[in-house]
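Structure assessment
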Amino acid sequence: MLRSFFLYLSAAGWARRLLMALPFATRVSRRFVAGETLDNAIEVTQKLNEKGLMASLDLLGESVHNEADAKRATDNYLALLEKMAATGVKAYASLKLTALGLGVSEDICVLNMRRILTRARELGHFIRIDMEGSAYTEKTLKVFRTLREDYEFSNVGIVIQSYLRRSEQDMRELAAEGSSVRLVKGAYKEPAEVAFPEKADVDANYVKLMEQYLSAEARAKGAYLAVATHDEKMIDAAKRFVEQNHIGKDQFEFQMLYGVRGALQESLAAEGYQMRVYIPYGTEWYPYFMRRLAERPANVWFIAKNFFRG
Ligand code: FDA
């Protein structure tokens, strides 16, 4: 119930205007967002790097409605690449295709991605394409394949959500293509026709897809998996599977969100696992922040506490 309510709010313009106008809201968003500027994001990344954690930097913003805004987002990502190279942080960039114009036109989006991937390749960087709501799944996969197959970029990866019924087939195809996949449970409000409504099914599918993607057959094709979850049951299942199958700690990685289960992030890194933290930054924090509340409504107490603190 609460999950649905927060996911509804994440897309509601009136709620966005209301919350973003509250002075305490920006402060509260800092629990999950590094700050509004690129410098804030680099600072947080450097601190995490010092603790042995890698980063995935995400400039917040999604669903632009015109070509000029998509170009602006592309330029901002190019600036991020330059800054990462100049500072030498252990990080790559994550982005949403709707921020680069996918909702306006596929051609514009591909063009913007080509600019980003070309510069990233020159700098030796990798780009992860986030996965959005199911209205964009097919389109996102299509752009991803256009970039890899038609334009021969190998420095790009994708995200698959275990709540989607189609994901098993998608993962099978992506494994055969030797793609880099970040596996998540899925953060959007989806109808039962496309997504499993029961958490137990989402979790069971997560473990199944993870094990398939870590199989010797998939890895032999070049497939690489980022196990992105805060769920200790999923993490333990991954640890068990790699141990039983003698898979090296350098052959996959764990990923978690900035502000969520920091101690667990550090303990996995201390155990020698590759651990990457997804660090969002920028002024467009509202929908991202609401999706984080939807995942864990207990976080609302954290907001309430801050509200009364003034
Ligand atoms: P689950 O929701 O079952 O949570 C397990 C436990 O983790 C909880 O009991 C709690 O202890 C803790 N926890 C989880 N979320 C929390 C929160 N917000 N605050 C505090 N504690 C929390 N989704 C998507 O659709 N497209 C994408 O591209 C991405 N990208 C992405 C990158 C990375 C690195 C991560 C970790 C996640 C995403 N996601 C995503 C989000 C993902 O789909 C999912 O919504 C969240 O990771 C929550 O699911 P868990 O796997 O953590 O399990």
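Let me begin by describing the structure that accompanies this report.

Analysis parameters
- Per chain, residues are indexed from 1 in the order of the written sequence.
- At least 70 in pLDDT is required for a residue's local features to be given in this predicted model, at least 80 for side-chain atom pairs to be given and counted, and no such filter applies to totals for whole chains, interfaces and linings, which use all residues.
- Hydrogens and waters are ignored; side-chain quantities use all the structure's heavy atoms.
- Put simply, a residue is near a molecule or strand once any heavy atom of it comes within 4 Å of that molecule or strand.
- We define a polar contact as two N or O atoms separated by no more than 3.5 Å, with the added condition that, inside protein, one atom must be a possible hydrogen donor and the other a possible acceptor, whereas residues neighbouring each other in sequence contribute only through side-chain atom pairs.
- For each structure, a 1 Å grid was placed over the protein atoms alone; sets of points admitting a 1.4 Å probe that cannot get out are labelled cavities, open sets with protein on both sides within 12 Å along at least five of seven lines are labelled pockets, and lining residues have an atom within 4 Å of a point.
- To qualify as sitting in a cavity or pocket, a molecule needs more than half of its atoms within 2 Å of the grid points.
- Helix and strand assignments come from DSSP, with helices taken as H or I runs of at least 4 residues and strands as E runs of at least 2, each series counted from the N terminus.
- Residue burial is assigned from relative accessible area. The probe radius is 1.4 Å, only protein chains are included, and a residue is buried under 20% of its type maximum, exposed over 50%, and partly exposed in between.
- Pairing between strands is defined by DSSP: at least two bridges between the two strands are required.
- When the strands point away from the viewer and the connection leading from the first strand across the helix to the second strand turns clockwise, the crossover is called right-handed.
- By convention in these notes, a salt bridge is any Lys or Arg side-chain nitrogen within 4 Å of a carboxyl oxygen on Asp or Glu.
- A helix is expected to span 1.5 Å multiplied by its residue count minus one.
- Summarising the geometry, the arc corresponds to the directions from the helix axis toward the C-beta atoms.
- In what follows, a contact means two residues having at least one pair of non-hydrogen atoms within 4.5 Å.

Topic: the site of the ligand
Neighbouring residues of the ligand: 26 residues in total, closest Gly-186, Lys-199, Thr-229, His-230 and Glu-295. Between the ligand and Met-131, the relevant distance is 2.8 Å, taken from a nitrogen atom to a main-chain nitrogen or oxygen of the residue. In the model, an oxygen atom of the ligand is placed 2.7 Å from a nitrogen or oxygen of the Gly-186 main chain. The site holding the ligand turns out to be the largest pocket. Counting residues per element, the ones that place at least two in the shell around the ligand are strand E4 (156-161), strand E5 (180-184), strand E7 (252-257) and helix H13 (286-295).

Quick look at the pairing of strand E2 (residues 91-95)
Here E2 lies mainly inside the structure; five of its five residues are buried. Residues Ala-91, Ala-93 and Leu-95 point to one face of E2 and Tyr-92 and Ser-94 to the other, with burial holding for every one of them. With four bridges connecting them, strand E1 (residues 54-59) and E2 associate as parallel partners. Within E2, the residue paired with Asp-58 across the bridge is Ser-94. Assessed by its sense of winding, the connection that carries the chain from E1 through helix H5 (residues 67-87) to E2 is right-handed.

Examining the pattern of salt bridges
Under the defined criterion, the tally for this structure stands at 25 salt bridges. For Arg-172, the salt bridge identified is with Glu-168, shortest N-O distance 3.2 Å. One end of the pair, Arg-172, and the other, Glu-168, are both in helix H8 (residues 167-176), four residues apart, so they sit about a helical turn from each other. A relative accessible area of 45% means that Arg-172 is categorised as partly exposed. Its salt-bridge partner being Arg-292, residue Glu-295 comes within 2.6 Å of it at the nearest N-O pair. Taken together, the residues Glu-295 and Arg-292, both in helix H13 and three residues apart, mark about one turn of the helix.

Quick word on H5
Look at H5: 30 Å from first C-alpha to last across 21 residues, which is about the 30 Å you get at 1.5 Å a residue. Every buried residue of H5 is accounted for by Ala-70, Ala-73, Thr-74, Tyr-77, Leu-78, Leu-80, Leu-81 and Met-84. Seen end-on, H5 carries its buried residues on one side only, within an arc spanning 155°. Each element contacted by the buried residues of H5 is listed here: helix H4 (38-50), E1, E2, helix H6 (106-123), strand E3 (127-129) and strand E8 (275-281). Two to three positions downstream of the cap, the backbone nitrogen of Ala-68 sits 3.2 Å from a side-chain oxygen, assigning the N-cap of H5 to Asn-66. Taken from the residues just after H5, Gly-88 is the one with a positive phi, measuring 70°.

Notes on the pairing of E5
Working note: regular strand, side chains alternate between the two faces of the sheet. Here E5 lies mainly inside the structure; five of its five residues are buried. The side-chain alternation of E5 yields two buried faces, one formed by Ser-180, Arg-182 and Val-184 and the other by Val-181 and Leu-183. Here E4 runs beside E5; their pairing, made up of four bridges, is parallel. Looking at the pairing, Ile-160 lines up with Leu-183 of E5.

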